[in-house]
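Next come the chains, spelled out residue by residue.
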Amino acid sequence: MVAERYNAPEREKHWRKTWDDEEVYKVEENESRPKHYVLEMFPYPSGRIHMGHVRNYSMGDVVARYKRAKGYNVLHPMGWDSFGMPAENAALQSGVHPKDSTYAHIATMREQLKEMGLSLDWSRELATSDPEYYEQQQRLFIDFLQKGLVYHKKSKVNWDPVDHTVLANEQVIDGKGWRSGAPVEQRELDQWFLKITEYAEDLLSALDRLERWPDKVRLMQRNWIGRSEGLLMQFALEGGALPKEHEKLEVFTTRPDTIFGMSFCAISPDHPLAKQLAVEDEGLSAFIKETHQMGTSEEDIERAEKRGYDTGLKAVHPFRKTTKVPVYVANFVLMQYGTGAIFGCPAHDQRDLDFARKYKLPVKAVVVPEGEDPKDFTVGDEAYTGPGGIANSSFLDGMGVDEAKNEVATRMEKRGEGQRKINYRLRDWGISRQRYWGCPIPIIHCETCGVVPAEDLPVRLPEDVTFDKPGNPLDRHPTFKHVDCPKCGAPARRETDTMDTFVDSSWYFARFCSPHAKTPVDRKAVDYWLPVDQYIGGVEHAILHLLYSRFFMRAMTDTGHVDIDEPFAGLFTQGMVIHETYRDKNGQWINPDDISFQGEGRERKAILAKSGEPVTIGPPEKMSKSKKNTVDPVDFIANFGADTARWFVLSDSPPERDVAWSDEGVQGSWRMVQRLWRLIDEAAEKGAEKGAKRPAEFSGSATELRRTFHKGLHWVSHNIETLRFNTAIATIYDLANKLGSALQGQKNDKDPSLEWALRESAEIMTQMFAPIMPHLAEECWARLGYNSLIVKQPWPEAEQALLVDDQITIAVQINGKRRDELQITRNASKADIEAAALDLEGVKRALEGREIKKIIVVPQRIVNVVA
RNA sequence: GCCCAGGUGGCGGAAUUGGUAGACGCGCUAGCUUCAGGUGCUAGUGCUCGUAUGGGCGUGGAGGUUCGAGUCCUCUCCUGGGCACCA
């Protein structure tokens, strides 16, 4: 009678083979069915999957399986973001060719992913390093080029003078190369750019329509694009012998309304005027050098105080010619933004205020908050940036901020000394990488024809390269670089830079729709599948990857490949898997396997198992090898099965938050697997036969069980729809408890309607956990007598009549405190509820000797007696 | 410095969106089952006063709105995360 222990690893293998044999996850376009495209961010093939992958892909798989059961034609593909620096770095260190290591890693990880039992259509698998993939990417590049969305220009890179190589920002540590340790130089190289700024306005405004994106991500993108409306203004400069091009200083401001509060102007140390002046001014030259030593990191900037160097020049106020203000070179003015020059109004900008206090410049308030007297409103240590009325400002007096902005802009434009401008922080996307392991840029540089697109695509990465010398192997390859111009036939030079790997990931989701097409995408396929309905991945890609993909869809629309702006209709950013950390007395990280634990709760202590030395238990942190707090999913699955792992990573925390891996928690999941198996087994035994006729009437206990399960089903469905897997799981636990009780209670007397309800509940239960624990669900489904696969079953429908109770419990409060509760029919009248409430023992006791002032009755909700 | 997200039992968290705070899981306590080595079942488990019926206090803190606040408003403290001194 009692079932054998469920042998998860063994049964899971069996069910995976069955799914494979029946090709249950293979999909094709089918216009007659609604589609649903579920995608998780594809992995970089690092060699092994980690728990983060397990969590990410479990979430997507639950959605995919649920939607499939709901009748959708579900696209759920997987691929590899397989170009990139790690493989090339490994080649530098160990000499293994990037191609060899990459494809070996892919082979391993593919098998590991398969062991998770994901419902993926593997026939659509792709790797961005496949020539079939990057050939199409090169086509897109050329199409973009011809559409004017690609250009090249000189741009700065980090140059390692020892390794003779270009460094990514993350390879520059404290201004030094990560391998050589040599101070990094800035070099200008000719580089390719994609015109993402062309779409700045649309990328910004369309964010409002991405309703199924987290607000947080939309905000980050908004800030990244950084739109600001302002005014370009020209100031006349005086003092010193100025060359013609610098007689006027052009600044950008978003606050032209504060022009009468101006007390200085400041230019960036990189401003041409600053450079020019520095030639004759040693002090300035030294100051500029100093500002360059200041780091650009957040921390450096935060610590740095606002500093300036007085150039001796004066800027003339445009509306009050007698007012002339000093012009500084200042460390807080950035050349990349606006014109690299500002006018400072200390009263209404914190940075300007800090600067003015330091250099004892006047601080004059010109915007006065409502209710303040303009005569005695002053600014202390905090600039006033809020709304208000303009004062002390000649013709602007009495206007509001917006009105004044407008007035100044109009007057400046009329005089030809100003121009309204919308400025973006977003810059064009530099995609040139001076590396081997990436998609070759399909360009040939010819002395006579200029830039010529390569013909004969793909431009293949040559495989006969070595990594024994620093620099890009493509650059020194015997035949790759030197080619004839496709146009004129003269000797020419092939571009040896490759593309940023963010390009690869900017359109892979589109390629999945038709992974083997001879064009970048098959129009029919993308029209059917796109956009991705649910995209799931880490928040670390909130800005770049997602913004680039949004740009790509627009660019691909403008080049006729697709007709869609937004690639991801729904986005979800999941939290990490974290784990406790342990260190010994010397601060060395300790592997959990070497530790034994003593005590519980706050008393819990850890010691080294071998020596008994104390170990400090640290807070849970992101799993990483260096901290020795990783748990290998492959090992885990081999022991407990994929279902236990999938269940656990979704159960303990809300999906957007981090989840702490703990052995105790995992044990709980493992027990649940076994428990569900026993429950279904017992229900199959004690419940009605498969396909038994539905009873005409249900007993009280049968109805109660059915209500519980149909309500539970309703709630679990809702929780999966809204990706709240942890609450779905909590409900399933609850239902398991209820089913267990019902099975116990059923022992005594014969009740056919309860038997029917037990089977119904067991079936609903199995179908509910099927998206999360698909293998166990198949096993249970078979135990329930079915020859069919549960993966092919439609999602059960809750019976509406069972979702509302006739008898309900409502709380009765006295002065807002609960004193008793009331059982009453659902549609009882207010008067009936009131009468019944006042008749309760607990209410009478609490009311004793008090006078009832008021009774609030909210039918079906609550009664509150005010006394 | 700016922006964002959070603070609920010993822990992870729930509260279907203003209506019984603490569901569910973990842990713990007691008991049962010849159960022996990651087992199952039953009961209990916010704090506190009380033998108990029962009472008081409780969602970081202080105010406020409301018949009623974990949920809304104001101020404040703390913890994470992000960033671009963006004029």
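My aim in this report is to walk through the structure given alongside it, one point at a time. (Residues numbered from 1 in each chain as written. Chains lettered and ligands numbered in written order. Predicted model: local features only at pLDDT ≥ 70, side-chain atom pairs only at ≥ 80, totals over all residues. Heavy atoms only, no water.)

Looking at the overall build of chain A
From N to C terminus, chain A includes 25 helices and 36 strands. Referenced to the eigenvectors of the C-alpha coordinate spread, the extents of chain A come out at roughly 110 × 85 × 70 Å. Across the 867 residues of chain A, 52% fall into the buried class. At a minimum sequence separation of 6, the contacts of chain A that also span at least 24 residues come to 70%. Only carbon and sulfur atoms are counted for the fraction: they give 48% of the accessible area of chain A, which is about 41000 Å². (Helix = DSSP H or I, 4+ residues; strand = E, 2+ residues; numbered from the N terminus. Buried < 20%, exposed > 50% of the residue type's maximum accessible area, 1.4 Å probe, protein only. Contact = heavy atoms within 4.5 Å. Areas by Shrake-Rupley, 256 points an atom, 1.4 Å probe, with all protein chains shown as cover.)

Remarks on the sheet that holds strand 5 (residues 150–160)
Here four strands make up an open sheet; going across it, the order is 6-5-9-19 and the pairing antiparallel. The open sheet is flanked by strand 6 (165–167) and strand 19 (429–430), the only strands paired with a single partner. Pairing between strand 9 (residues 185–194) and strand 19: two bridges, direction antiparallel. Directly across from Phe 193, in strand 19, lies its bridge partner Gly 430. (Pairing = 2+ DSSP bridges.)

Quick look at the pattern of salt bridges
Applying the stated criterion across every chain, the model contains 46 salt bridges. In this structure, the salt-bridge partner of Arg 227 is Glu 201, at a minimum N-O distance of 2.9 Å. Pair noted here: Arg 227 is in the loop between helix 7 (215–225) and strand 10 (228–238) and Glu 201 is in helix 6 (residues 200–205), with a separation of 26 residues, a long-range link. Taking the relative accessible area as the measure of exposure, Arg 227 reaches 31% and is therefore partly exposed. Exposure remark for Glu 201: the relative accessible area of 35% places this residue in the partly exposed category. Taking the shortest distance from any N to any O, the salt bridge between Arg 783 and Asp 681 comes out at 2.5 Å. (Salt bridge = Lys/Arg side-chain N within 4 Å of Asp/Glu carboxyl O.)

Observations concerning the protein's contact with RNA strand B
Neighbouring residues of RNA strand B: 55 residues in total, closest Asn 223, Thr 254, Tyr 337, Gln 667 and Arg 724. Sugar plus phosphate: this is where 56% of the atoms of RNA strand B within 4 Å of the protein reside. The backbone of Phe 332 places a nitrogen or oxygen atom 3.3 Å from a sugar or linking oxygen of RNA strand B. A distance of 3.0 Å is found between a sugar or linking oxygen of RNA strand B and a side-chain nitrogen or oxygen belonging to Ser 653. (Near = heavy atom within 4 Å. Polar contact = N/O pair within 3.5 Å; in protein donor to acceptor, adjacent residues only side chain to side chain.)

Some details on the packing of aromatic side chains
Tallying each qualifying case throughout the model produces 42 aromatic pairs. Ring centres 5.4 Å apart and planes at 45 degrees place the aromatic pair Tyr 328 and Tyr 359 in the tilted group. Here Tyr 328 is found in strand 14 (residues 324–330), whereas its partner Tyr 359 is found in the loop between helix 11 (350–358) and strand 16 (367–368), with 31 residues between them in sequence. A relative accessible area of 6% means that Tyr 328 is categorised as buried. Note on Tyr 359: relative accessible area 25%, which makes it partly exposed. Geometrically, the ring pair formed by Tyr 508 and Phe 509 is edge-to-face, given 5.8 Å between the ring centres and 75 degrees between the ring planes. What makes Tyr 508 buried here is its relative accessible area of 0%. Owing to a relative accessible area of 0%, Phe 509 belongs among the buried residues under this scheme. Sitting over the face of the ring of Trp 122, Lys 114 holds its NZ or CZ atom 5.3 Å from the ring centroid. One residue, Arg 706, lies across the ring of Phe 698, its end atom 4.4 Å from the ring centre. (Phe/Tyr/Trp six-rings, centres within 6.5 Å; stacked < 30°, edge-to-face > 60°. Lys NZ or Arg CZ within 6 Å of the ring centre and 35° of its normal.)

Some points on the packing of helix 2 (residues 51–69) against helix 18 (residues 642–651)
Put simply, helix 2 and helix 18 touch, their axes get as near as 9 Å, and they point 95 degrees apart. The angle between helix 2 and helix 18 falls in the class roughly perpendicular. Seen from helix 2, the contacting residues are Val 54, Arg 55, Ser 58, Met 59, Asp 61, Val 62 and Arg 65; seen from helix 18, they are Ala 645, Arg 646, Val 649 and Leu 650. Partitioning the contact of helix 2 with helix 18 into residue classes produces six nonpolar, one polar and four charged. (Axes fitted to C-alpha atoms, helices over the stretch in contact; angles between N-to-C directions. Parallel < 35°, antiparallel > 145°, perpendicular 65-115°, else oblique. Nonpolar A, V, L, I, M, F, W, Y, C, P; charged D, E, K, R; others polar.)

Some remarks on the environment of Pro 774
Secondary-structure assignment places Pro 774 in helix 23 (residues 774–783). Residue Pro 774 is classed as buried on the basis of its relative accessible area of 2%. For Pro 774 and Glu 463, which are 311 residues apart along the polypeptide, the C-alpha to C-alpha distance reads 42 Å.

Considering the environment of Ile 764
Along the chain, the position of Ile 764 falls in helix 22 (residues 752–769). Judged by its relative accessible area of 6%, Ile 764 falls in the buried class. Taking C-alpha positions, Ile 764 is 8.4 Å from His 710, a pair spaced 54 residues apart along the chain. For Ile 764, the contacting residues outside a window of four places in its chain are Phe 709, His 710 and Leu 713.

Section: the environment of Ala 315
Looking at the element boundaries, Ala 315 is found in strand 13 (residues 308–316). A relative accessible area of 0% places Ala 315 in the buried class. Taking the C-alpha atoms as reference points, Ala 315 and Pro 326, 11 residues apart in sequence, are found 6.4 Å from one another. Ignoring any residue separated from it by four or fewer positions in sequence, one finds Ala 315 in contact with Phe 235, Ala 236, Leu 237, Cys 265, Thr 323, Lys 324, Val 325 and Val 327.

Notes on the sheet that holds strand 23 (residues 482–484)
One open sheet holds the four strands; their spatial order is 22-21-24-23, and the pairing between them is antiparallel. Both outer strands of the open sheet, strand 22 (450–453) and strand 23, are each paired with one neighbouring strand and no more. Taking each pair of neighbouring strands and ignoring which way they run, the sheet shows an average axis angle of 40 degrees. Relative to strand 22, strand 21 (residues 443–446) is paired through four bridges, and the arrangement is antiparallel. Bridge pairing in strand 22 places His 445 opposite Val 451.

Side note on unusual backbone geometry
That bond from Leu 457 to Pro 458 is cis: its omega, 0 degrees, falls within 30 degrees of zero. Following the sequence through the fold, Pro 458 ends up in the loop between strand 22 and strand 23. For the bond running from Leu 530 to Pro 531, omega is 0 degrees, close enough to zero to count as cis. Along the chain, the position of Pro 531 falls in the loop between helix 15 (523–529) and strand 26 (534–538). Even without being glycine, Asn 392 reaches a positive phi, approximately 55 degrees. Tracing the sequence through the fold places Asn 392 in the loop between strand 17 (389–390) and helix 12 (401–414). The exposure class of Asn 392 is partly exposed, given its relative accessible area of 38%.

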